[in-house]
Number of protein chains: 2
Amino acid sequence: MYKLGIDLGGTNIAAGIVDENYSVIAKYSMPTLLPDTPKNIVGRIMDASYKALKRANLSVDDISSVGIGSPGAVDSNKGIVLFANNLNFRNVDLGGMLSEKFGKKVYCENDANAAAFGEYLVTGSKEDTLVAITIGTGIGGGIIIDGKIYSGNRYSGGELGHMVINFEGIKCSCGRRGCFEAYASANALIGQTKEAMQKNLNSAMWSLCNGNINDVTGKTAFDGLKIGDATAKQVVEKYADYVSIGLVDIINTIGPSKICISGGISNEGEYILEPIRRHIELNRPINCQTSVYVAKLGNDAGIVGAANLDISR
Amino acid sequence: MYKLGIDLGGTNIAAGIVDENYSVIAKYSMPTLLPDTPKNIVGRIMDASYKALKRANLSVDDISSVGIGSPGAVDSNKGIVLFANNLNFRNVDLGGMLSEKFGKKVYCENDANAAAFGEYLVTGSKEDTLVAITIGTGIGGGIIIDGKIYSGNRYSGGELGHMVINFEGIKCSCGRRGCFEAYASANALIGQTKEAMQKNLNSAMWSLCNGNINDVTGKTAFDGLKIGDATAKQVVEKYADYVSIGLVDIINTIGPSKICISGGISNEGEYILEPIRRHIELNRPINCQTSVYVAKLGNDAGIVGAANLDISR
């Protein structure tokens, strides 16, 4: 039996058919095309879903469960998106609208939670507490405890990007000072890279971006490190420290057995994992043995998790 | 039917008889007398327990469950204290030793977890996620999820005092910089009070401690506030901010529905709760409605929780 998972984002809608081994056997993506009404977006979600089904040579009757991950605060019990800023959704009954179209129950969940559940299915076991963090423009998080998605009071937990790690520090987009994501998001790394380059005009990173500082990305410092640039090495080391401070806070509060990192930065593999593990080893609670690794499913985590939301609560 | 709960501390051993309404009907305390061997400490635990039973006119046969809360990392599954610095315990089979003496199973748990469970029993419901923090020399924490004690990987979660809230900040006793307890413990408040007094020689707090700065306690700033001293008001306001930063971090990660505060500072009631609630209201995730209140059981929380450890996992 197959399941259908939908990853609704501000840029793209991705629908995928998932088999019992958590493999995506067919997938279809299309632009979300914002701003638009919930009704029209639901129309495109159906379009993407049927095209994915067609690619897999399946019909809706072959699907045992349908689920969707949406940005924002989602009441997964009622299937309602309470609010999602980028979609401009307020109390949208996404589950209800989709259930009517599909003729079967559609599970709804916050997208980071769905992705965390997908990673849990392929890398975790029921004894694990797994925290999945996605490092992108901001930092998102999902928590799996006892084999189930944990989302705290009124679906508001797991806001890991807005833990304050430096209350006298730099301003975050949320208005507070010193949030984790103000130091450890990909955007923050880009800022840190630019700052270091401006102070070190001889850094090889300048040639990596053809002398144009606006071409700096989250990869630049890692690329510089790989060709032996000392400034790049310092940037990565400092950035890994920032990431690690947040991870140690997560360890001190939630005490997960596994932390799984996704997002563009995670593509750097050991270049980012090694300094993180070193920092955590020095700063973790004495008894804790949390393993930190790169997400296995990458961009498919949201689809795999959404498809399996029927077993997530 | 009655239960027996034991709160083992670095200073005192308290044993109490708890009825089905979570009331302590009889209690006996005696000094722990450290340093001493586990065997001798177990002897005093038994002594305190039998004296508490005698005060209640009960025998061991009237007791349906026995539990103990111990400082340190406790493997509650095996009943072993993995390590407890202040007791100088390493892999002590406290549960086994006590079970043999009592002739029945004795449950073991970390003391902060046991106290959190006690508070949960009297102020929580199964739908709650409850975080109990104890503000004393340091800051301890216990987490109750889905009606059960949650302690993370290898019993290492809930180390709430060592979340870093200011990584460029002041040194903590653990060696790291900017831990929650370095700013928000009772000890930290005493330091903040002294510093403010030294800068404000006209503060009424000087007369509250008879001109002797060594007499400053965690109460001094609150006492000053109550008689209208401006410096004391600033100290309390700033201190409440520090406490709140940690609580908002707990809200952003764990998203509890309830946060219960115990320890000496909590005796100040609304004088500490009101500024905390104000800060949280400004800084919480938009969807979260966490209630913050003072622990109901006070010093008895550890006994009540320990007595009920049979239903805590």
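Residues numbered from 1 in each chain as written. Chains lettered and ligands numbered in written order. Predicted model: local features only at pLDDT ≥ 70, side-chain atom pairs only at ≥ 80, totals over all residues. Heavy atoms only, no water.

**A few points about the relation of the copies chain B and chain A**
Of the two same-sequence chains, chain B is brought onto chain A (RMSD 0.1 Å, axial shift 0.0 Å) by a rotation of 180 degrees. Here the symmetry operator amounts to a two-fold rotation axis. Of the residues that chain B buries at the interface, 100% are likewise interface residues in chain A, meaning the two copies contact each other through the same surface. (Least-squares fit on C-alpha atoms with pLDDT ≥ 70 in both. Contact = heavy atoms within 4.5 Å.)

**Here we look at the sheet that holds strand β4 (residues 63-70) of chain B**
Residues and elements named next belong to chain B. Strands sit in the order β3-β2-β1-β4-β8 across an open sheet of five strands; the sheet is mixed. A strand with exactly one partner marks an edge of an open sheet, and here the two such strands are β3 (24-31) and β8 (106-110). Between one strand axis and the next, the sheet turns by 15 degrees as a mean value, whatever way the strands run. Relative to β4, strand β1 (residues 2-8) runs parallel, the two sharing six bridges. Paired with aspartate 7 across the strands is glycine 69, a residue of β4. With respect to the sheet, helix α2 (residues 94-102) is in contact with β1, β4 and β8, its orientation differing from that of β8 by roughly 150 degrees. (Pairing = 2+ DSSP bridges. Helix = DSSP H or I, 4+ residues; strand = E, 2+ residues; numbered from the N terminus. Axes fitted to C-alpha atoms, helices over the stretch in contact; angles between N-to-C directions.)

**A word on the nonpolar core**
What tends to happen in soluble globular proteins is that the nonpolar side chains get buried as a cluster. Core analysis: the biggest nonpolar cluster contains 104 residues, and Leu247(A) and Leu247(B) have the highest contact counts within it. Setting aside chain neighbours within four positions, we find Leu247(A) in contact with Ile133(A), Phe180(A), Ile259(A), Ile261(A), Ile276(A), Ile280(A) and Val292(A). (Core = buried A, V, L, I, M, F, W, Y, C linked by side-chain atoms within 4.5 Å. Buried < 20%, exposed > 50% of the residue type's maximum accessible area, 1.4 Å probe, protein only.)

**A word on the interface of chain B and chain A**
Each partner contributes residues to the interface: chain B has 42 residues there, and chain A has 42 residues. Together chain B and chain A conceal approximately 3500 Å² of surface at their shared face, both sides included; 52% is due to carbon and sulfur atoms. If you sort the residues of chain B by the area they bury against chain A, Phe167(B), Thr253(B) and Asn287(B) come out on top, with a joint share of 20%. Connecting chain B to chain A are zero salt bridges. Remark: the boundary between chain B and chain A carries 20 residue pairs in polar contact (both at pLDDT 80 or more). Listing elements by their share of the side of chain B that touches chain A, those giving two or more residues are β6 (80-84), β10 (139-145) and α8 (230-253) of chain B. The element that contributes the greatest number of residues to the side of chain B that touches chain A is α8(B), accounting for seven residues. (Buried area = accessible area lost by both parts, 1.4 Å probe. Salt bridge = Lys/Arg side-chain N within 4 Å of Asp/Glu carboxyl O. Polar contact = N/O pair within 3.5 Å; in protein donor to acceptor, adjacent residues only side chain to side chain.)

**So, the domain arrangement of chain A**
All names here are of chain A. According to the domain assignment, chain A contains domain 1 (2-120 + 300-311) and domain 2 (125-295). Computed from C-alpha coordinates alone, the two centres of domain 1 and domain 2 are separated by 28 Å. Between domain 1 and domain 2 lies a buried interface of about 1200 Å² when both sides are counted; carbon and sulfur atoms form 64% of it. The largest contributions to the domain 1 side of the interface with domain 2 come from Asn113, Glu119 and Tyr120, which together make up 47% of the buried area. Across the domain 1-domain 2 interface, the total number found is zero salt bridges. (Domains from an automatic or database assignment.)

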